[in-house]
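# Residue-level structure breakdown
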Amino acid sequence: MTAHTTRVDVGIVGGGPAGLMTALLLKRRGISAAVIETRTKDTIHHTQRAGILEAATVSMLVDAEVGSRVLTEGHEHEGTVLSFDGEQHRIDFQALVGRSVWLYPQNEVFFDLANAWEREGGEIHWAVTDTQVHGIETTSPRISFTDAHAQARSIEADLIIGTDGSRSMCRRLIPEEVRTDHFISYPFAWFGILCEAPPTAPELIYANSELGFALISQRNETVQRMYFQCDPDTDPDSWSEDAIFDHIQQVLGTEGGVQLKRGPIIDKTVLPFRSYVCDPLSHGRLALAGDAGHTVPPTGAKGLNLAFADVRVLIPCVEEFITELRADAPGHEGEAAETPESLRRYSRTALDRVWKAQNFSYWATNLLHRQPDENPFTHRRRRGEFDAITGSVHGQAYFADSYTGWSD
Ligand code: DHB
């Protein structure tokens, strides 16, 4: 069977929020894009992910005019609560740095963007298999794959963007001699639940105690999201509903602390923890964005926000590259291609913010989690660190500035 071939300016591998936002913003600038994705639209829409959006992420959704429901169905949070051994401190984002965050689940961000791309007639192939990317070190890179109807297809482009998530196949195309993989793992994970209950408190609560970490987040008036620290090998079914809620209540404190609102648990998952950065984020005619280029532990919900920060930097660089290409005399198919300076600049600029976010996610993780075999010194020292953050406006402002997202 011969492959059905389409030709676009940019081929995008990965139809999550980073890939779709990239496709939509390129289209606004007259640059054509086609997207492929291994999962179905329904699977991505129903996979639980983090729920906190930085103000700059919300602005991108609003400015792109994609019909996002973030302002109507999301909730603005002007602060958050940090709790240590049952003692609570509110960090007032608005008073400290004049920015808020929004609670609006990432899977709904995805759904808004996917609907917008489809409504606008953008090319997208869900549930593809056999994906391969060819010729990223040449002037004619190409994606080949089998679509959901078993049709062999090919997308020819001037540039390939890899937004194919934390298990990215695209990043492995950057040769090992030019790629550094920065990686650390953590000796714990998060046990995440969704439960049918009203919100426990008006804002999120990040809590630490001698039992470790817990986070009380929200979804809407009737469904809530919560997490607690667990061993990475935990079987989600080994915890009963009562044991889960009793444990989270103990982390929050049982005397005078917040009273957890309980209800039937409708979803349980164990989330791995790791920090990863791929350097560089571009090579030849390939650029990586979002989790494909870097993964953060979930504390602080930086993942999607960092992906959108990549996209903000990437779009003008791609526009510059495509404009230069259109001005040049057409070259020969398959000629060797250097990494364009615009894409090198994308990598350098994006990585500066990536490392700031890596630092914050790592720092907040260590501030709020218990190490497996820690001694009383470590817990007491952590309390000192916590007091240094909550006890002065300077410490609070550091947290607020990082959490709500540094201005570009
Ligand atoms: C959520 C997840 C996070 O990792 C976080 O820091 C805050 C909120 C959430 O799923 O709601």
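In what follows, the structure referred to is the one given above.
Notes on the structure in this doc start here. (Residues numbered from 1 in each chain as written. Predicted model: local features only at pLDDT ≥ 70, side-chain atom pairs only at ≥ 80, totals over all residues. Heavy atoms only, no water.)

Next up on the list: the packing of aromatic side chains. Under the defined criterion, the tally for this structure stands at 20 aromatic pairs. On the basis of an interplanar angle of 70° and a centroid distance of 5.7 Å, the ring pair of phenylalanine 360 and phenylalanine 399 is categorised as edge-to-face. With phenylalanine 360 in helix H9 (residues 341–368) and phenylalanine 399 in helix H11 (residues 393–404), the pair connects residues that are 39 residues apart, well separated along the chain. As far as the burial class goes, phenylalanine 360 and phenylalanine 399 line up, both buried. Each ring, one from phenylalanine 399 and one from tyrosine 403, has its centre 5.6 Å from the other, and the planes form 15°; the classification is stacked. Linking phenylalanine 399 with tyrosine 403, this pair stays in helix H11, spanning four residues, or about one helical turn. In terms of burial, phenylalanine 399 and tyrosine 403 fall into one category: buried. Note that lysine 302 overlies the ring of tyrosine 403, its terminal NZ or CZ placed 6.0 Å from the centroid. (Phe/Tyr/Trp six-rings, centres within 6.5 Å; stacked < 30°, edge-to-face > 60°. Helix = DSSP H or I, 4+ residues; strand = E, 2+ residues; numbered from the N terminus. Buried < 20%, exposed > 50% of the residue type's maximum accessible area, 1.4 Å probe, protein only. Lys NZ or Arg CZ within 6 Å of the ring centre and 35° of its normal.)

Peptide bonds are trans in most cases, and residues, glycine excluded, mostly fall at negative phi. Note that the residue after aspartate 279, namely proline 280, is joined by a cis bond; omega there is 10°. Considering the arrangement of structural elements, one finds proline 280 in the loop between strand S20 (274–279) and strand S21 (282–283). Phi angles above zero are rare outside glycine, and aspartate 130 is one such case at about 55°. For aspartate 130, a relative accessible area of 54% corresponds to the exposed category. Phi is positive for alanine 301, which is not a glycine, with a value near 55°.

This next bit is on the state of the cysteines. In a disulfide, the sulfur atoms of two cysteines are held together by a covalent bond. Counted under the stated rule, the structure contains zero disulfides. You can see cysteine 170 has no disulfide; the closest cysteine sulfur is in cysteine 278, sitting 11 Å from it. Residue class for cysteine 170 comes out buried when judged on its relative accessible area of 0%. Unpaired in this structure, cysteine 195 has its nearest cysteine sulfur neighbour in cysteine 230, at a distance of 17 Å. (Disulfide = S-S within 2.5 Å.)

Moving on, we get to the packing of helix H8 (residues 303–327) against H9. It is at 9 Å that the axes of H8 and H9 come closest, and there the two elements cross at 170°. By the angle class used here, H8 and H9 are roughly antiparallel. As H8 packs across H9, the resulting crossing turns out to be right-handed. Every residue of H9 that contacts H8 at Leu306, Ala309, Asp310, Arg312, Val313, Leu314, Cys317, Val318, Glu320 and Phe321 is listed here: Ser342, Leu343, Arg345, Tyr346, Thr349, Ala350, Arg353, Val354 and Ala357. When its residues are assigned to classes, the contact of H8 with H9 shows 12 nonpolar, two polar and five charged. (Axes fitted to C-alpha atoms, helices over the stretch in contact; angles between N-to-C directions. Parallel < 35°, antiparallel > 145°, perpendicular 65-115°, else oblique. Left-handed = near helix turned anticlockwise from the far one by under 90°. Contact = heavy atoms within 4.5 Å. Nonpolar A, V, L, I, M, F, W, Y, C, P; charged D, E, K, R; others polar.)

To continue, consider the pattern of salt bridges. All told, the structure shown has 27 salt bridges when counted by the stated rule. A salt bridge links arginine 353 to glutamate 54; the shortest N-O distance between them is 3.3 Å. Highlighted residues: arginine 353 in helix H9 and glutamate 54 in strand S4 (residues 52–54), separated in sequence by 299 residues. For the pair formed by arginine 353 and glutamate 54, the shared burial category is buried. Several salt bridges share partner residues, and in doing so they unite Arg69, Glu73, Glu108 and Asp112 into one network. (Salt bridge = Lys/Arg side-chain N within 4 Å of Asp/Glu carboxyl O.)

A few words on the site of the ligand. Looking at the ligand, there are 15 residues lining it, with Tyr206, Ser217, Arg219, Tyr227 and Pro298 nearest. The contact in question runs from an oxygen atom of the ligand to an N or O atom on the backbone of glycine 51, over 3.3 Å. Burial of the ligand by the surrounding chains reaches 99%, relative to a free accessible area of 290 Å². Each residue belonging to the shell around the ligand can be placed in one class, and the counts come to nine nonpolar, three polar and three charged. (Near = heavy atom within 4 Å. Polar contact = N/O pair within 3.5 Å; in protein donor to acceptor, adjacent residues only side chain to side chain. Areas by Shrake-Rupley, 256 points an atom, 1.4 Å probe, with all protein chains shown as cover.)

A separate point is the side chain of glutamate 374. Looking at the element boundaries, glutamate 374 is found in the loop between H9 and helix H10 (376–390). Here glutamine 371 takes part through its backbone nitrogen, which lies 3.0 Å from a polar atom of the side chain of glutamate 374. If sequence neighbours within four positions are ignored, glutamate 374 has contacts with His379 and Arg382.

Before going further, it helps to spend a moment on the pairing of S20. Side-chain direction in a regular strand flips from residue to residue, so the side chains alternate between the two faces of the sheet. Two strands pair when backbone bridges link them, and strand S14 (residues 180–185) and S20 are joined in this way by six bridges, in the antiparallel orientation. Within the sheet, the bridge partner assigned to serine 185 lies in S20 and is arginine 274. (Pairing = 2+ DSSP bridges.)

Read across the sheet, seven strands follow the order S7-S6-S16-S17-S18-S15-S19 without closing on themselves; strand pairing throughout is mixed. Looking along the sheet, the strands with just one partner apiece sit at the ends: strand S7 (87–92) and strand S19 (265–271). Going from strand to strand, the sheet's axes swing by 15° on average, the running direction of each strand aside. Of the strand pairs in this sheet, strand S15 (residues 189–196) and strand S18 (residues 223–230) are connected by eight bridges, and their pairing is antiparallel. Each residue of the ladder has a partner; that of glycine 192, found in S18, is tyrosine 227.

What follows is about the sheet that holds S4. One open sheet accounts for three strands, arranged S4-S8-S5; its pairing is antiparallel. What marks the edges here is a single partner per strand, and that holds for S4 and strand S5 (75–77). Between one strand axis and the next, the sheet turns through 35° on average, direction left out of account. Of the pairings in the sheet, the one linking S4 to strand S8 (residues 101–103) comprises three bridges and is antiparallel in character. Looking at the pairing, glutamate 54 lines up with valine 101 of S8. The strands touched by helix H3 (residues 55–63) within the sheet are S4 and S8, with S4 carrying the most contacts at an inclination of about 80°.

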